[in-house]
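Chain by chain, the residues run as shown.
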Number of protein chains: 2
Amino acid sequence: MTPLEKTIQQISPVDPAWIEAARRRQLELTKPPGSLGRLEEIANRCAAIRASFALTAAKPRIVLFAADHGVCAEGVSAYPQEVTAQMVLNFLRGGAAINALAGVAGIELKVVDAGVAAGLPHSEELITRRAAAGTKNFCKEAAMTELEMHTALEAGLDLAAEAASVGCDLLGIGEMGIGNTTAASAVTAALTDRPVDDVVGRGAGADDDCLARKRSAIARALALHAPECRSPLGILRCVGGLEMASLCGFCLGAAAHRIPLVTDGFIATAATALAVKVCPASNDYFFAAHQSVEPGHGHLLAMLGLEPILKLDMRLGEGTGAALAMKIVQAAIAAFTQMATFTSAAVSNR
Amino acid sequence: MTPLEKTIQQISPVDPAWIEAARRRQLELTKPPGSLGRLEEIANRCAAIRASFALTAAKPRIVLFAADHGVCAEGVSAYPQEVTAQMVLNFLRGGAAINALAGVAGIELKVVDAGVAAGLPHSEELITRRAAAGTKNFCKEAAMTELEMHTALEAGLDLAAEAASVGCDLLGIGEMGIGNTTAASAVTAALTDRPVDDVVGRGAGADDDCLARKRSAIARALALHAPECRSPLGILRCVGGLEMASLCGFCLGAAAHRIPLVTDGFIATAATALAVKVCPASNDYFFAAHQSVEPGHGHLLAMLGLEPILKLDMRLGEGTGAALAMKIVQAAIAAFTQMATFTSAAVSNR
């Protein structure tokens, strides 16, 4: 059995009896029934994920996977490809948005080179799990080989196992990769069977010409790879990205280790959606951080049946939405575990 | 000049030039333009409020005002009035939802007795600023006297001044008071000129009979006090609450001291709306934490032109929405102040 197959075998849906039990517990806490709204629903699902009321969210971690995309050769991004490596260095020096947001939320950030094209200087802060030096241009050939895809998936599995082994109890994901909204749009079109125009947005800021090139590249790629795009792993291999493969593995690993995972924006959610298509039972372990302004994001969330925790018109990736939403998950868990009951606090119930 | 008049005189609208300057600064930070969505808008307004780019949110505080409501005699709440005092004790012991949420967010919580009917045992943790032992039943007479209203308003002004004097740089508000959604609904109907049915909800969980009594009580009160309800302070005095008067004062005090203030749910927002009606320039200093499920809340937010930061179907009050949203404001400020620029990080711009 491959590591991926082994992981899938470890994943089982959460037991709905835990959700029911958590609902009953919520009624004992000193608040009107249901008055914490979505916080209650989040805590209840966390109880089912952990199969415990003794929930913690004391060791939250975001893992950010960076990689490059061969499809950049088609002129699909407003930024040059070198920005991927430059932003990785920015993450390592603490100058990016995710550093500020994870910092203020008290969330540990791990940065992974999952296949950045340019060489990166050695750094103790950087986890190097490169399956390749970026993907191939998927308008001309498959984005990656079978071996590259499995190597990238397994990097994600390994990092989830490592997070579990050090006691991480809440995980988030992030990504960086110039051109990766194009890959995520191709994955989304293939997964949801929606027309390309419905799932393509301006990414980091494509102008009209760039947007037209993006649409054309995706349409050509989906036509070229149509026979392979009937399975989620075929989609991932042909039109996905190395960071998406690693993220997909990381999501599945989190589910196997029964750790709640908060996804992020469009690209991260495309990887989560691939994980769910590969293993439908994993869906119970995932929370949608936010809904970005990328049009494909909403379609993915609808397919997953996940209601975003936040809607703040963000479209940055990096795990920035995850960082904000993980704080909400922590709050939900804090209320569930720390609140007094009507009996213990001697508060009159209705 | 009264303390209230003095405070109003100190409040001036923010300078839009600061918002423009902050927008330009955002463009230099290592992210696609506008990609942090509402976080950018929040940080830009904070820069205008503080008239500075050196923003901090290191000393956040929520002040929670509790008081009782004479209108409870009309059977408008699902809970007995004694719950107000019981919940204050719960706050002081750390067992309520706001304790858990403020705790996880690292926000200081101050609890104020602004007029709880039952006597509360002395506690060093409790700030006692009682203008009266609860309001009168506003179906029969004005909720409070002029003196009581000004005493309660001034408690809020004083607590805002105290927060400013110890360096609080981000404020939130919360409230507790059995029956106070009835008062807030009456205030909302009077402020927005909407029919009673549009602004009355189930509060902490009114059943159909209770809801009918609530509507009837509000309609009778608004008819009784119609001549006085032409000014915001008339509305506050006749159909408001002591906690709402203190909250109104606290909002105005925050604006006078140029501290960003995050409002909370329906009752807190009714107090914020009163503050804005008393002094329209104060509106620039306020952020809407969330939109609760109380129908009147949306009408107040629309009147104020405030877009809620969160929508989590909450309806608890206590400052629980403020605690969550203040974390988003802190994140917005952290991104604005801590991110590298394209130049400093040597990241290629478009």
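Residues numbered from 1 in each chain as written. Chains lettered and ligands numbered in written order. Predicted model: local features only at pLDDT ≥ 70, side-chain atom pairs only at ≥ 80, totals over all residues. Heavy atoms only, no water.

S.K.: Provide a residue-level description of the confidence of the model for chain A, including the pertinent values.
M.R.: For chain A, per-residue confidence averages 97 on the pLDDT scale, and 100% of positions sit at 70 or higher. Across the interface, the model reports ipTM at 0.97; the global pTM reads 0.98. (pLDDT = per-residue confidence, 0-100.)

S.K.: Which residues make up the environment of Gly34(B), and what values do they have?
M.R.: Along the chain, Gly34(B) turns up in the loop between α2 (16–28) and α3 (38–50). With eleven residues separating them along the chain, Gly34(B) and Arg23(B) place their C-alpha atoms 9.0 Å apart. Residues within four places of Gly34(B) in sequence aside, it is in contact with Asp313(A), Arg315(A) and Glu40(B). (Helix = DSSP H or I, 4+ residues; strand = E, 2+ residues; numbered from the N terminus. Contact = heavy atoms within 4.5 Å.)

S.K.: If you had to explain the sheet that holds strand β6 (residues 286–287) of chain B to someone new, which residues and values would you point to?
M.R.: Residues and elements named next belong to chain B. Within the open sheet, the six strands sit side by side as β3-β2-β1-β4-β5-β6. Their pairing is parallel. Edge positions in the open sheet fall to β3 (126–128) and β6, since each of these has one partner strand only. In the packing of helix α4 (residues 82–93) onto the sheet, the strands contacted are β1 (60–67), β2 (108–115), β3 and β4 (170–176), and the crossing angle to β4 comes to about 140 degrees. (Pairing = 2+ DSSP bridges. Axes fitted to C-alpha atoms, helices over the stretch in contact; angles between N-to-C directions.)

S.K.: Any details on the pairing of β4(B)? Residues and values, ideally.
M.R.: All names here are of chain B. A large share of β4 lies buried, amounting to seven of its seven residues. Side chains Leu170, Gly172, Gly174 and Met176 project from β4 onto one buried face, and the interleaved Leu171, Ile173 and Glu175 project onto a second face that is buried too. Here seven bridges tie β1 to β4, and the two strands are oriented parallel to one another. Paired with Ala66 across the bridge in β4 is Met176. (Buried < 20%, exposed > 50% of the residue type's maximum accessible area, 1.4 Å probe, protein only.)

S.K.: Which residues make up the interface of chain A and chain B, and what are the values?
M.R.: Opposite the 52 residues of chain A that make contact, chain B presents 53 residues. Counting each side, the surface lost to burial between chain A and chain B is near 4300 Å², with a carbon and sulfur contribution of 64%. In this structure, the connection of chain A to chain B is made through zero salt bridges. Run the count over chain A and chain B and you get 18 residue pairs in polar contact (both at pLDDT 80 or more). Secondary structure elements with two or more residues in the side of chain A that touches chain B: α3 (38–50), α4 (82–93), α5 (97–105) and α14 (320–338) of chain A. For the side of chain A that touches chain B, the residue count by class is 31 nonpolar, 13 polar and eight charged. (Buried area = accessible area lost by both parts, 1.4 Å probe. Salt bridge = Lys/Arg side-chain N within 4 Å of Asp/Glu carboxyl O. Polar contact = N/O pair within 3.5 Å; in protein donor to acceptor, adjacent residues only side chain to side chain. Nonpolar A, V, L, I, M, F, W, Y, C, P; charged D, E, K, R; others polar.)

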